[in-house]
Amino acid sequence: MHSQKPILTPIWFGIEMLIHKSTIKDYDDYSKVNLFFNPNSIAVVGASKHINKAGNVIFSNFAENKRRGIFKGEIYPINPKNESILGHRCYPSLTKVPGNIDAIVIVVPSKFVPDVLSDAGTKGVSVAIVITAGFREIGNDELENEVKNIAKEFGIRILGPNCLGVFDSYTGVDTLFLPETKVLKTGDVMVATPRPMQGNIAMVSQSGAFGAASLDYLTGRQIGISKFVSFGNKVDVSEAEILHYLNHDDKTRAILLYIESITHGRKFMDVAKDVTKSKPITVLKSGRTKAGARAAESHTGSISGTSAVYDAAFSQIGVIKSDNMSEFFNIGKGLAFQPPAKGRNVAIITDAGGPGVMASDECELRGIDVKVFSDETINKFEKLKEKGILPNFVQNRNPVDLTGSATSEMFEKAMSIVVADNEVNGIIVIGLHHVPAIQEDFVDRIGKVAAGTIKPIVACDIGETEMAFYVRSRFEKFGIPAYPAPEDTVQAMAALVSYGEYLQKVNCFDSYLDSFLTRSVNKIDIQK
């Protein structure tokens, strides 16, 4: 179902029938939601001296980030069994802390969570991140409802329970109980759960485990993030409210959303439809099959719902759906780095015929046009052949195959011609570093041409060795997302085409493009 008509009542009804019914506060409660990411003070209830406990990892995160000057707020460990933890005075309960507390992280056994929230209410705490599991996901609905009611009574906003919480690369909030490094039995220290560098992608995940794996993946691919949010059981704050918050976050350009179910379907639709006019959302929806839906229900207590209803809803509100993890991240990076395309006609420039064919196939399968260039553009290439700048055997009808004789200058000349073609809406560059005459400056030359156009450009260099990683990272220094396979590259371009079509449909293309080009971080410096 991909109709361009407004969503019909059955679609809305279908989504409402799929979701959990729970009380939620005003989605415009921006100041309180902001405290999850930027509190002036935070307490870790269940902080511990034992290095293998979650409470130790979480408090260590804050202590280290405060030592480094990243986290600016006050931090308080709460544990009645200790006088101090990591050099910070420890308090037996929240009510004994002398100063104000904006936020708390709860990492104590589930049976104690109601008492902790009652103390938080007495103390005037605004938000709570409940890391603790043992609620609805194991059938303990009564305890979860008690937590929800206490929070409602005191006006405390809750993220979780059964979640990882928040990681903010700019403010230093890090409630992940997963250590960055692990010591092997040999004594060697290895990076285990890295925190990505600062960037412009927000990662929002209902699954904590998938979220943690995503951080590892994004770090390995040198993709920076602005914020990471793990929902867990979504007893209060849900994806709609976080999307609303991220829409106003100047550090976030694109949003990656992993979900198993949607809470408050109508509100999600309204909020997401508003967000996609200014920031792209890519979703990976799991639980699409009977087996997956059953797994989701046992995982976070979610009722997953039918895939067809979600697909139709996403299509109507401009949310770009991905079918698997690899596509999910490929699309997210492309949307964060490059402007949307204003049409479906794409040019391919390559120094390797086979990968060019592969990209052409993938484009057609995804509904992207790889049309023969206009006579004017073809004549420009022919003149370069006459001057000896390009070999006579170069193919220039689209794709442009510079062959194994390609040089950095040839890439630059080809890019300049294609960028000037008004019929071309986007460009895929497949620059394999293996070609003898190619030097790393071919990327710089392409980047120079790219800086003068608003057409989206994505790149590919196939390989998993040092030079391939270097070339791809060099592309991304120029804000050009680069991928290790032609299919990955086309996935990103297809998303840029799809998002461009949606923005045009809702008359927001020009305003989005203006915003993209005038953001505080220059296009060429996105990843520097």
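In what follows, the structure referred to is the one given above.
Each chain has its residues counted from 1, running along the sequence as written. The predicted nature of this model means local features are confined to residues of pLDDT at least 70 and side-chain atom pairs, given and counted, to a pLDDT of 80 or more, with totals for whole chains, interfaces and linings taken over all residues. Neither water nor hydrogens contribute to the side-chain values; these are computed over all heavy atoms in the structure.

(A) Fine view of the pattern of salt bridges. When a carboxyl oxygen of Asp or Glu lies within 4 Å of a side-chain nitrogen of Lys or Arg, that pair is called a salt bridge. Within the structure shown, the criterion is met by 21 salt bridges. Two residues, Glu-327 and Arg-366, come together in a salt bridge whose shortest N-O distance is 3.1 Å. Here Arg-366 lies in the loop between α12 (353–365) and α13 (375–386) and Glu-327 lies in helix α11 (residues 325–337), a separation of 39 residues in the sequence. On the basis of relative accessible area, Glu-327 is assigned to the buried category, the value being 5%. Partly exposed describes any residue whose relative accessible area lies between the buried limit of under 20% and the exposed limit of over 50%, with all areas from a 1.4 Å probe on protein chains only and scaled to the type maximum. Relative accessible area serves as the criterion here: at 30%, Arg-366 is assigned to the partly exposed category. Only runs of H or I of at least four residues qualify as helices and only runs of E of at least two qualify as strands under DSSP, and these elements are numbered from the N terminus.

(B) A look at the packing of aromatic side chains. Two rings from Phe, Tyr or Trp (for Trp, the six-membered ring) form a pair when their centres are within 6.5 Å of each other. A pair whose planes differ by under 30 degrees is stacked, one over 60 is edge-to-face, and the rest are tilted. Within the structure shown, the criterion is met by 16 aromatic pairs. Look at Phe-37 and Tyr-245: their rings are 4.7 Å apart centre to centre, the planes differ by 10 degrees, and that puts the pair in the stacked class. Taken together, the residues span a long stretch of sequence, with Phe-37 in helix α2 (residues 30–37) and Tyr-245 in helix α7 (residues 239–247) at a distance of 208 residues. For the pair formed by Phe-37 and Tyr-245, the shared burial category is buried. Consider the rings of Tyr-499 and Tyr-512, whose centres lie 5.3 Å apart with planes at 90 degrees: the pair is edge-to-face.

(C) Inspection of a positive patch on the surface at higher detail. Together, Lys-380, Lys-383, Lys-387 and Lys-413 make up a region of like positive charge exposed at the surface. Tracing the chain through its elements places Lys-387 in the loop between α13 and β17 (395–396). A relative accessible area of 66% means that Lys-387 is categorised as exposed. Within this analysis, patches are made of residues with over 30% relative accessible area and no salt bridge. Like charges are joined at 9 Å or less; nonpolar side chains (Val, Leu, Ile, Met, Phe, Trp, Tyr) at 5 Å or less. Only the protein chains shown count as cover for residues, and the accessible areas themselves come from Shrake-Rupley with a 1.4 Å probe. For the purpose of charge, His is not counted, nor are the chain termini; Lys and Arg are scored as positive and Asp and Glu as negative. Where a charge lies is defined by one atom per residue type: Lys uses NZ, Arg uses CZ, Asp uses CG and Glu uses CD.

(D) Representation of unusual backbone geometry in the model. With an omega of -5 degrees, the peptide bond running from Gly-160 to Pro-161 counts as cis. Take Pro-161: it is sitting in the loop between β7 (157–159) and β8 (165–168). A cis amide bond links Asn-398 with the next residue in sequence, Pro-399, at an omega value of 5 degrees. As for its position among the elements, Pro-399 is in the loop between β17 and β18 (400–401). A positive phi is found at Lys-234, a non-glycine position, where the angle reads about 55 degrees. Considering the arrangement of structural elements, one finds Lys-234 in the loop between β12 (225–230) and α7. With a phi angle near 60 degrees, Asn-507 is a residue other than glycine that sits in the positive phi range. Tracing the chain through its elements places Asn-507 in the loop between α17 (486–505) and α18 (509–518).

(E) Expanded view of the environment of Gly-208. Tracing the sequence through the fold places Gly-208 in helix α6 (residues 208–220). Classification of Gly-208 as buried rests on a relative accessible area of 16%. Should any heavy atoms of two residues lie within 4.5 Å, those residues are considered in contact. Those residues within four positions of Gly-208 in sequence are excluded, and the remaining contacts are Leu-164 and Ser-230.

(F) Focus on the side chain of Thr-132. Among the structural elements, Thr-132 can be located in the loop between β6 (127–130) and α5 (141–154). Take Thr-132: its relative accessible area is 8%, and that puts it in the buried class. A polar contact of 3.5 Å, which involves the side chain of Thr-132, links it to the backbone oxygen of Ile-106. Under the rule applied, a polar contact is a pair of N or O atoms within 3.5 Å (in protein, one hydrogen donor and one hydrogen acceptor; residues adjacent in sequence only if both atoms are side-chain atoms). A distance of 2.6 Å separates a polar atom in the side chain of Thr-132 from the backbone oxygen of Val-108.

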